[in-house]
Amino acid sequence: MSQDIRVLKRRAPKKTPYEHLEPYLFLLPALLVFGVFLYFPFGKTIYLSLHLTDRYGQAKLFYGLQNYIDILVGKYSASFWNSLWVTARFVVMVAGGGLLVGLATSLMTVGRFPGKTIASAIYAMPIAIASAAAAMSFKMILHPSIGLLNAVLGTNINWVSDTTWALPMMGFITIWLVSGINYIFIGAGLRNIPNELYESASIDGAGYWSKFKNITLPCLSPTLFFQILINIINAFQSFTQIRLLTMGGPNEMTNVIVYSIYLDAFRNFRFGSAAARSIILFIIILIITLIQFSTEKRSVHY
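Here the structure is a predicted model, which means the values were calculated and not measured.

Caption draft 1: Fine view of the overall build of the protein. The secondary structure content of the protein amounts to 14 helices and 2 strands. Relative to its 302 residues, the protein shows a buried fraction of 37%. Taking as baseline every contact in the protein between residues at least 6 positions apart, the subset at least 24 positions apart corresponds to 65%. Looking at the protein as shown, the accessible area adds up to about 18400 Å², and 68% of this sits on carbon and sulfur atoms. For the protein, the separation between the mean place of its 23 positive charges and that of its 12 negative charges on side chains is 4 Å.

Written out as structure tokens, the structure reads:
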């Protein structure tokens, strides 16, 4: 038997140069797209972060790691650490709130009832709305004198200019924006849970909350894990609603890292410093993602 295998191996034709090259030819279009729109901009960002630039973003003087030192412990450190603290609270608010809203709306529409299609369309609708359009709509809703929210509550609060309410309102708007994608994915996960599990639990006398804790959450954990990752990344990248509604104010209470990068680059023309902030943001997201994947085996059940 082993002799026959050796004979077959010896007789196997050698691959031609084209056959060696063929898999890479199939990969080439994707590699070109990633190279142009991902790898090259990332490399250019690292390059700019090590330089001082002119007002047009052209590198003029090698600055080494001084941009990073200025941001972390130097002359821009106070603004950076404030934006990091604001971002941390914003991310927790959006990631947790978006997941809870998506889970709640998915559970409400998992069964059959009259009007389910309309309810599902309403809950999924935010995914189809541009963040700029949503921000302008909320700008009218939150207006201090003619806004709908103050009219309903009977208050006179400037929601986007009040230091107490500005960040929660930005979080609320962003939670609404991400609720659509959460609803769609979590709803799909719920529909994939076998009904036999719930039927067996009912026979054993399990109630709703027991089924939710012991069947729904464990079976849904891969979807929830994926959605919390997406929510965190979306929260870190939130920009449009903050740019249109608060511009980082009041008193930098909504000045998240992405908006501080925008200010550094396009208001102060410090493109090198802005690039360094971008790399720091990338490292923060990478660390958070790695930590989450390290806990995946303990919290996710496939």
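Caption draft 2: Region of the structure containing the pattern of salt bridges. This model, assessed by the stated rule, comprises 3 salt bridges. One salt bridge connects Arg 270 with Asp 264, and the closest N-O pair in it is separated by 2.6 Å. Asp 264 sits in the buried class, given a relative accessible area of 1%. Because the salt bridges share partners, they merge into one network encompassing Asp 264, Arg 270 and Arg 277.

Caption draft 3: Spatial organisation of the nonpolar core. Phe 90, Leu 142, Met 170, Ile 173, Ile 186, Phe 236 and Leu 281 are the most contacted members of the largest nonpolar core, which totals 52 residues. Mapped onto this core, the elements with two or more residues apiece are α3 (66-72), α4 (77-108), α6 (131-141), α8 (166-191), α10 (208-236), α11 (240-245), α12 (257-266) and α13 (271-294). In terms of residues, this core owes the most to one element, α8, which gives 9 residues. When residues no more than four places from it in sequence are discounted, the contact partners of Phe 236 are Thr 87, Val 91, Val 258, Leu 281, Ile 284, Ile 285 and Ile 288.

Caption draft 4: Region of the structure containing the side chain of Asn 231. Residue placement: Asn 231 occurs in helix α10. Judged by its relative accessible area of 0%, Asn 231 falls in the buried class.

Caption draft 5: Representation of α12 in the model. The buried fraction of α12 is high, at 8 of 10 residues. Those residues of α12 lying buried are Ile 257, Val 258, Tyr 259, Ser 260, Ile 261, Tyr 262, Asp 264 and Ala 265. Against the buried residues of α12 lie α4, α10, α11 and α13.

Caption draft 6: Region of interest: α8. Given a rise of 1.5 Å per residue, 26 residues ought to cover 38 Å, and the 37 Å separating the end C-alpha atoms of α8 matches this to within 8%. Where α8 bends most, the angle comes to about 35 degrees, and this point is Ser 179.

Cut-off values and rules
Residues numbered from 1 in each chain as written. Predicted model: local features only at pLDDT ≥ 70, side-chain atom pairs only at ≥ 80, totals over all residues. Heavy atoms only, no water. Helix = DSSP H or I, 4+ residues; strand = E, 2+ residues; numbered from the N terminus. Buried < 20%, exposed > 50% of the residue type's maximum accessible area, 1.4 Å probe, protein only. Contact = heavy atoms within 4.5 Å. Areas by Shrake-Rupley, 256 points an atom, 1.4 Å probe, with all protein chains shown as cover. Lys, Arg positive; Asp, Glu negative; His and termini not counted. Charge placed at Lys NZ, Arg CZ, Asp CG, Glu CD. Salt bridge = Lys/Arg side-chain N within 4 Å of Asp/Glu carboxyl O. Core = buried A, V, L, I, M, F, W, Y, C linked by side-chain atoms within 4.5 Å. Expected span 1.5 Å × (residues − 1). Bend = angle between axes of the 7 residues up to and from the residue.

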